[in-house]
Amino acid sequence: MPSRPPDAPPAPHRVDAVLDEFYALRTPSGDPVLDAIATAIFVEDAFGVTLSDAEIDPAHLAGRDAVRHLLTRHLA
Amino acid sequence: MCGICGVATPGPPPDAALLLRMVGRLRHRGPDGSGYLRDQGVGLGHARLAIIDTTGGAQPLSNEDGSLWIVFNGEIFTCVGLGNELRSRGHAFRTASDTEVIVHGWGDWGEQALDRFNGQWAFALWDRTRRQLVLSRDRLGVRPLYYAHTGGGLVFASEVKALFADPSVPRALDPAGLDETLTYWSTVAPRTPFAGVRQLEPGYVAYLDADGFRSHPYWSMDFPPRGEEPGQDARANAVALRERIVEASRLRFTRSDVPVGAYLSGGIDSSVTAAVVAGYTEAPLDTFSLRFADDEFDEGDYQQLMARRLGTRHHDVVVGPQDIAEVFPDVVRHAEAPLLRAAPAPLFLLSRLVRASGYKVVVTGEGADEVLGGYDLYREARVREFWTRDPSSDVRGRAAELLYPWMARAPGQAPAFARGFFGLHLAADDPALSHRPRWTSTAALKGLLTADMRARCAESGAPLDLLARLPAHSAGWDPLARAQWLEMTTLLPGYILSSQGDRMLMANSIEGRFPFLDRDVVAYADALPARHKLSGLEEKYLLKRAFADLLPPEIVRRPKQPYRAPDAASFCAPGAPDWVGDVTGADALAAAGVFEPRLVQGLLTKARRSGGSGLGNTDNMRVLAVLSTQLLHHQFVVGDGGGDAAPATPLTAIDLTGEGQP
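### Let's talk about the overall build of chain B
Piece 1. The number of helices and strands found in chain B is 28 helices and 18 strands.
Piece 2. Computed over the C-alpha atoms, the radius of gyration of chain B is 24 Å, within 12% of the 26 Å expected from 2.2 N^0.38 for a compact globule of 662 residues.
Piece 3. Across the 662 residues in chain B, those meeting the buried criterion constitute 57%.
Piece 4. Partitioning the contacts of chain B with sequence separation of at least 6, the portion at a separation of at least 24 is 73%.

Dropping the structure here:
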């Protein structure tokens with residue numbers, strides 16, 4: 001039994017909408033690394049992608065624009 | 001809300017004295033009146049808590065020609081619309097009670113009537129024409145219904161202690177029930193802690209007639225395949241969810257002929273339900289809260305904040321460890337199950353406060369965590385899923401540090417321990433990935449059992465293989481949905497709604513009403529995308545969005561603090577009540593034969609060294625398991641459940657046997 005069925009790539013406008021949902025109620029912990037991990041958990045779950053360890057990092061996951069950029073690569 | 005009971009027998013009509021004894025044992029569930037019916041082959045009993053149609057509505061109650069008779073525990077919140085529909089079909093109602101809706105509905109629609117009922121119920125219906133007894137229980141198990149087969153017959157009741165009023169029902173603990181409790185925290189229906197005693201599964205209907213006893217589900221939990229949820233827009237979903245919760249709360253607040261109060265825990269769930277129902281009364285709403293003397297457990301500041309915002313007439317009870325220890329034997333007698341937490345005890349004290357304040361109905365936030373993704377266990381599962389994608393990854397392993405931020409010894413403060421604990425059994429293809437840490441840590445309690453009891457547990461075939469019960473198509477569900485299914489099949493009916501819910505409320509004659517467990521709320525929530533319930537690690541995402549305008553931001557934004565109470569610290573500090581020593585003495589342990597005395601004494605010695613406050617989670621559960629199981633044995637196996645009382649008056653007696661007639 002798969003733990004996460006494969007997802008079809010969402011349309012770009014869906015990506016924006018889903019990210020808007022996330023940032024509407026996100027509660028940062030204050031620790032940038034843990035916040036990046038929390039964001040990675042959301043991104044992988046919501047978009048069905050798997051990030052590399054190097055991508056699970058504040059440099060790639062700090063803020064909506066950074067996440068949008070990362071997703072553009074993964075969902076291309 | 002009420003208590004129901006009955007006897008079916010192939011022999012002479014059931015003994016009225018037995019029915020009255022059973023009804024008397026349910027008096028706490030229904031102190032406002034009682035009734036019984038005797039017919040050839042069946043007897044029905046009822047203890048009434050009068051809430052709707054308090055002057056009429058006595059039970060047992062029949063349809064127009066007396067061919068269908070019912071005893072009913074619960075509420076059908078959609079009874080007004082159904083009643084109008086049934087009147088338009090020609091039915092003449094003699095009462096304004098929802099009970100009569102069930103009788104007429106069953107008469108017209110048979111089992112399909114259950115699909116139309118939105119409520120919380122357990123009922124027994126006697127069809128004189130078919131000579132058929134029907135038992136039914138609500139979808140999620142809000143109301144209890146137990147039964148035992150007795151030499152060709154059947155006894156049933158809202159509580160086990162009423163079954164034990166019949167001396168032909170054997171009284172013994174069931175090793176299989178114990179095994180399940182020491183895995184899942186409770187038995188899983190139809191199993192109970194008692195050998196030979198079963199409970200009707202939530203969402204089931206059962207029949208007893210000339211063809212024998214049989215049962216089947218009329219409803220089952222279901223979720224759409226991941227990615228195929230009908231609504232993907234969070235804003236629209238929040239609006240629709242709010243509409244359903246508001247309507248569910250309105251129904252539960254207004255469908256009553258007596259005043260309805262509300263619980264306020266300090267969390268978002270009860271804040272939502274209290275805020276909604278406050279809009280349906282011009283008088284000040286009465287709210288009730290549980291506080292703790294120990295700051296670690298207390299949520300008083302948030303309760304006060306919400307009460308001030310709503311302008312309620314607020315009541316609270318402050319509970320300390322000694323209060324818990326004092327009432328715990330009563331708590332176990334009402335719960336009728338081993339308890340791995342002391343948490344039911346303060347709820348017993350809270351419902352006592354409600355009753356003393358003149359109320360007999362409260363609306364609470366129960367069920368939101370299960371239905372809308374609020375439990376820490378769901379966050380834990382999300383972290384474990386994340387980790388399974390690369391178990392060797394250090395950065396993924398650090399996700400465990402995001403869990404349980406409210407704990408005094410949070411994983412973030414002990415990352416090595418957290419990785420060891422949450423990294424256990426990390427298998428991506430495990431359908432129970434969510435629950436494996438809980439089940440594994442709970443099963444460690446079995447190490448306290450005697451060799452004989454361990455052997456009997458092993459022979460019993462328990463614990464039930466829950467994964468075999470998961471629907472085959474659940475492989476396509478989101479992992480959160482599978483976790484919800486497991487939680488709503490085990491802990492919700494087995495512990496939350498029972499030991500912490502119905503039993504602690506009804507012990508003091510209080511009916512709880514749960515808007516988040518409304519049929520339409522649950523159906524809508526089950527069809528939501530998982531990210532609208534658990535958004536990353538943000539729990540109850542959609543609920544927070546839907547009701548942000550009604551709640552103080554401090555409550556919307558606060559990390560979830562699960563309801564907890566002092567466990568071993570309530571029983572192992574100096575000054576513990578005598579019963580603790582009595583039930584853990586060598587004689588009592590030997591009589592029960594459940595726990596190894598040497599290990600129990602070692603555990604208690606360790607606990608007493610720190611007054612119970614220095615124990616870890618597993619040892620706390622061990623102490624509670626020993627105390628509650630020993631009390632259960634003492635009360636229900638050595639004793640017979642007790643609680644004998646005269647049935648409440650007025651008493652309605654109906655005799656259809658024809659005995660004594662010319």
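On we go from here.
### Quick word on the overall build of chain A
Piece 1. The number of helices and strands found in chain A is four helices and zero strands.
Piece 2. Beginning at the N terminus, the succession of helices and strands in chain A can be written as α-α-α-α.
Piece 3. Residue burial in chain A is summarised as follows: out of 76 residues, 29% are buried.
Piece 4. Taking contacts inside chain A between residues at least 6 apart in sequence as the whole, the part at least 24 apart equals 52%.

### Regarding the nonpolar core
In a soluble, globular protein the nonpolar side chains are often hidden away together inside.
Piece 1. In terms of nonpolar packing, the biggest core is built from 197 residues, with Ile70(B), Phe123(B), Ala124(B), Phe156(B), Ala157(B), Leu163(B) and Val362(B) touching the most fellow members.
Piece 2. Element by element, the count of residues in this core is highest for helix 28 (residues 617-638) of chain B, at nine residues.
Piece 3. If sequence neighbours within four positions are ignored, Val362(B) has contacts with Val260(B), Gly261(B), Ala262(B), Tyr263(B), Phe288(B), Val354(B), Ile510(B) and Gly512(B).
Piece 4. Core analysis: the next-biggest nonpolar cluster, separate from the first, contains 28 residues, Val18(A), Ile41(A), Phe386(B) and Phe422(B) among them.

### Topic: the pairing of strand 14 (residues 286-292) of chain B
Residue and element names in this part refer to chain B.
Piece 1. Burial within strand 14 is extensive, with six of its seven residues counted as buried.
Piece 2. After leaving strand 13 (residues 261-263), the chain enters helix 8 (residues 268-278) and then returns to the sheet as strand 14, a path that is right-handed.
Piece 3. For strand 14 and strand 15 (residues 313-319), the ladder comprises seven bridges, and the chain directions are parallel. Note on strand 15: the bridge partner recorded for Asp286 is Arg313.
Piece 4. Crossover handedness for the path strand 14 to helix 9 (residues 300-310) to strand 15: right-handed.

### Re unusual backbone geometry
Residues apart from glycine generally show negative phi values, whereas peptide bonds are mostly found in trans.
Residues and elements named next belong to chain B.
Piece 1. Residue Gln59 is joined to Pro60 through a cis peptide bond whose omega torsion reads 0°.
Piece 2. Along the polypeptide, Pro60 turns up in the loop between strand 3 (42-48) and strand 4 (61-62).
Piece 3. Cis geometry is adopted by the peptide bond preceding Pro190, which originates at Ala189 and carries an omega value of 15°.
Piece 4. Of note, Pro190 is situated in the loop between helix 6 (175-184) and strand 10 (198-199).
Piece 5. A positive phi angle, close to 50°, is found at Asp53, a residue other than glycine.
Piece 6. Mapping Asp53 onto the fold places it in the loop between strand 3 and strand 4.
Piece 7. With 15 C-beta atoms packed within 10 Å, Asp53 lands in the partly exposed category.

### Brief notes about the interface of chain A and chain B
Piece 1. Contacts between the two partners involve 25 residues from chain A, matched on the other side by 31 residues from chain B.
Piece 2. Taken together, the elements giving at least two residues each to the side of chain A that touches chain B come down to helix 1 (12-25) and helix 2 (32-47) of chain A.
Piece 3. Counting residues per element, the side of chain A that touches chain B draws most heavily on helix 2 of chain A, at nine residues.
Piece 4. Tallied by class, residues from the side of chain A that touches chain B come to 14 nonpolar, four polar and seven charged.

### A word on the packing of helix 7 (residues 234-254) of chain B against helix 22 (residues 519-526) of chain B
All names here are of chain B.
Piece 1. Remark: helix 7 packs on helix 22, axes separated minimally by 9 Å, with the N-to-C direction vectors making an angle of 160°. Relative to helix 22, helix 7 is oriented roughly antiparallel. Every pair of crossing elements has a handedness; the one defined by helix 7 and helix 22 is left-handed. Touching Ala240, Leu241, Arg244, Ile245 and Ala248 of helix 7 are Asp520, Val521 and Tyr524, all from helix 22.
Piece 2. Split into classes, the residues belonging to the contact of helix 7 with helix 22 amount to six nonpolar, no polar and two charged.

### Topic: the pairing of strand 2 (residues 33-39) of chain B
Along any regular strand the residues' side chains alternate between the sheet's two faces.
All names here are of chain B.
Piece 1. Taken across its seven residues, strand 2 has six buried, putting it largely inside the fold.
Piece 2. Of the pairings in the sheet, the one linking strand 2 to strand 3 comprises seven bridges and is antiparallel in character. Along strand 3, the bridge assignment pairs Arg38 with Gly43.
Piece 3. With antiparallel pairing between neighbouring strands as the criterion, strand 2 and strand 3 make up a hairpin whose turn holds two residues, including Gly41 at a positive phi of roughly 100°.

### Let's talk about the sheet that holds strand 2 of chain B
Each strand in a sheet pairs with its neighbour through backbone hydrogen bonds, running either in the same direction (parallel) or in the opposite one (antiparallel).
All names here are of chain B.
Piece 1. What the seven strands build is an open sheet, ordered 10-8-9-1-3-2-18; its pairing is mixed. A strand with exactly one partner marks an edge of an open sheet, and here the two such strands are strand 10 and strand 18 (651-655).
Piece 2. Pairing analysis gives seven bridges linking strand 1 (residues 2-8) to strand 3, with the strands arranged antiparallel. Following the sheet pairing, Ile4 is matched in strand 3 by His46.

### Quick word on the packing of helix 13 (residues 376-388) of chain B against helix 19 (residues 479-489) of chain B
Residue and element names in this part refer to chain B.
Piece 1. Interaxial distance between helix 13 and helix 19 falls to 10 Å at its minimum, and their mutual angle equals 140°. Put simply, helix 13 runs oblique to helix 19. In the packing of helix 13 onto helix 19, the handedness of the crossing is right-handed. For the pair helix 13 and helix 19, contact is made by Leu377, Tyr378, Ala381 and Glu385 and by Pro479, Leu480, Ala483 and Glu487, respectively.
Piece 2. Of the residues that constitute the contact of helix 13 with helix 19, the class distribution is six nonpolar, no polar and two charged.

### Focus: the sheet that holds strand 5 (residues 68-76) of chain B
Residue and element names in this part refer to chain B.
Piece 1. Taken in spatial order, the six strands make up an open sheet running 4-5-6-7-11-12, and their pairing is antiparallel. Of all the strands in the sheet, just strand 4 and strand 12 (212-217) have a single pairing partner and so form its edges.
Piece 2. Looking at chain direction, strand 7 (residues 132-137) and strand 11 (residues 204-209) are connected through four bridges and run antiparallel. By the bridge assignment, Val134 is partnered in strand 11 with Tyr207.
Piece 3. Packing of helix 3 (residues 98-109) onto the sheet brings it into contact with strand 4, strand 5 and strand 6 (119-127), and relative to strand 5 it is tilted by some 125°.

### So, the confidence of the model for chain A
Piece 1. Residue-level pLDDT values for chain A average 87, and 84% of them are 70 or greater.
Piece 2. Per-element confidence in chain A ranges from a low mean pLDDT of 89 for helix 1 of chain A to a high of 96 for helix 2 of chain A.

### Some points on the environment of Ser434(B)
Residue and element names in this part refer to chain B.
Piece 1. Inspection of the secondary structure assignment puts Ser434 in the loop between helix 15 (415-422) and helix 16 (436-443).
Piece 2. On the basis of neighbour counts, which here come to 27 C-beta atoms within 10 Å, the residue Ser434 falls in the buried class.
Piece 3. Each C-alpha atom of the pair Ser434 and Gly41 lies 47 Å from the other, and the pair is 393 residues apart in sequence.
Piece 4. Look past the residues within four positions of Ser434 in its chain and what remains in contact with it is Leu377, Tyr378, Ala381, Pro479, Arg482, Ala483 and Leu486.

### Some words on the domain arrangement of chain B
All names here are of chain B.
Piece 1. By domain assignment, chain B separates into domain 1 (2-180 + 189-220), domain 2 (234-371 + 489-557) and domain 3 (568-638).
Piece 2. Spacing between the C-alpha centres of domain 1 and domain 3 amounts to 37 Å.
Piece 3. Between domain 1 and domain 3, the residue contacts involve six residues of the former and five residues of the latter.
Piece 4. Along the lines of polarity and charge, the residues of the side of domain 1 that touches domain 3 split into five nonpolar, no polar and one charged.

Criteria and cut-off values
- Residues numbered from 1 in each chain as written.
- Chains lettered and ligands numbered in written order.
- Predicted model: local features only at pLDDT ≥ 70, side-chain atom pairs only at ≥ 80, totals over all residues.
- Helix = DSSP H or I, 4+ residues; strand = E, 2+ residues; numbered from the N terminus.
- Rg over C-alpha atoms; globule rule 2.2 N^0.38 Å.
- Buried ≥ 20, exposed ≤ 12 C-beta atoms within 10 Å, placed from the backbone.
- Contact = placed C-beta atoms within 7 Å.
- Core = buried A, V, L, I, M, F, W, Y, C linked by C-beta atoms within 7 Å.
- Right-handed = clockwise from strand over helix to strand, strands pointing away.
- Pairing = 2+ DSSP bridges.
- Nonpolar A, V, L, I, M, F, W, Y, C, P; charged D, E, K, R; others polar.
- Axes fitted to C-alpha atoms, helices over the stretch in contact; angles between N-to-C directions.
- Parallel < 35°, antiparallel > 145°, perpendicular 65-115°, else oblique.
- Left-handed = near helix turned anticlockwise from the far one by under 90°.
- pLDDT = per-residue confidence, 0-100.
- Domains from an automatic or database assignment.

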